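# Secondary and tertiary structure notes
What follows is each chain in one-letter form.
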Amino acid sequence: MPQRVLQVVAVLIALVALSAFTLGVLNAPQRGRMPGERTAEDAGGPAPIVATEATPLSQERIEGPPPPPELTPEEKAKQEADKEAKAAAKLAAAPAVGGATPPVAPQPPAEKAGEVPQISPPAPEEPPH
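Analysis parameters
Residues numbered from 1 in each chain as written. Predicted model: local features only at pLDDT ≥ 70, side-chain atom pairs only at ≥ 80, totals over all residues. Heavy atoms only, no water. Helix = DSSP H or I, 4+ residues; strand = E, 2+ residues; numbered from the N terminus. Areas by Shrake-Rupley, 256 points an atom, 1.4 Å probe, with all protein chains shown as cover. Patch = residues over 30% accessible without salt bridge, like charges linked within 9 Å, V, L, I, M, F, W, Y side chains within 5 Å. Salt bridge = Lys/Arg side-chain N within 4 Å of Asp/Glu carboxyl O. Buried < 20%, exposed > 50% of the residue type's maximum accessible area, 1.4 Å probe, protein only. Polar contact = N/O pair within 3.5 Å; in protein donor to acceptor, adjacent residues only side chain to side chain.

Scanning the protein chain for helices and strands turns up three helices and zero strands. Along the protein chain, helices and strands appear, N-terminal first, in the series α-α-α. Accessible area for the protein chain stands at about 12,900 Å²; split by element, carbon and sulfur atoms hold 66% of it.

Have a look at this one:
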């Protein structure tokens with residue numbers, strides 16, 4: 001675009017922005033009020049909302065839950081024994097699972113090039129998506 005056209009457009013945008021600001025200042029009320037501030041007309045208006053279910057934040061919510069208590073030596077020994085028992089059970093079950101072959105899902109028939117694939121409707125027990 002030519003430089004002169006860009007300058008004209010920039011001047012028009014600046015004039016519109018300046019006139020909008022000026023009109024906003026001139027049409028503003030003389031004494032403004034903050035949101036929520038009552039005016040003389042609102043003196044007999046509705047009562048403020050009271051939040052009865054509101055509760056202050058507890059110290060736990062601010063700082064987070066306290067750390068868990070330290071375990072006694074008996075509890076630590078019991079946890080270690082449980083871990084070892086689970087590991088032993090897992091090792092005992094591993095050879096039995098390793099020898100069996102998992103069931104193989106049937107493969108759909110291969111499609112030929114240029115053939116339109118046939119889409120089967122969903123099973124009746126499956127809900128629609």
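Having seen the structure, we can now continue with the description.
So, on to a nonpolar patch on the surface. Residues M1, V5, L6, V9 and I13 make up a contiguous nonpolar surface patch of roughly 510 Å² in combined accessible area. Take I13: it is sitting in helix 1 (residues 3-26). When its relative accessible area of 55% is taken as the criterion, I13 is described as exposed.

By the secondary structure assignment, T22 is in helix 1. Taking the relative accessible area as the measure of exposure, T22 reaches 36% and is therefore partly exposed. A polar contact is formed between the side chain of T22 and the backbone oxygen of L18, at a distance of 2.8 Å.

Read these as spatial facts, not as claims about activity.
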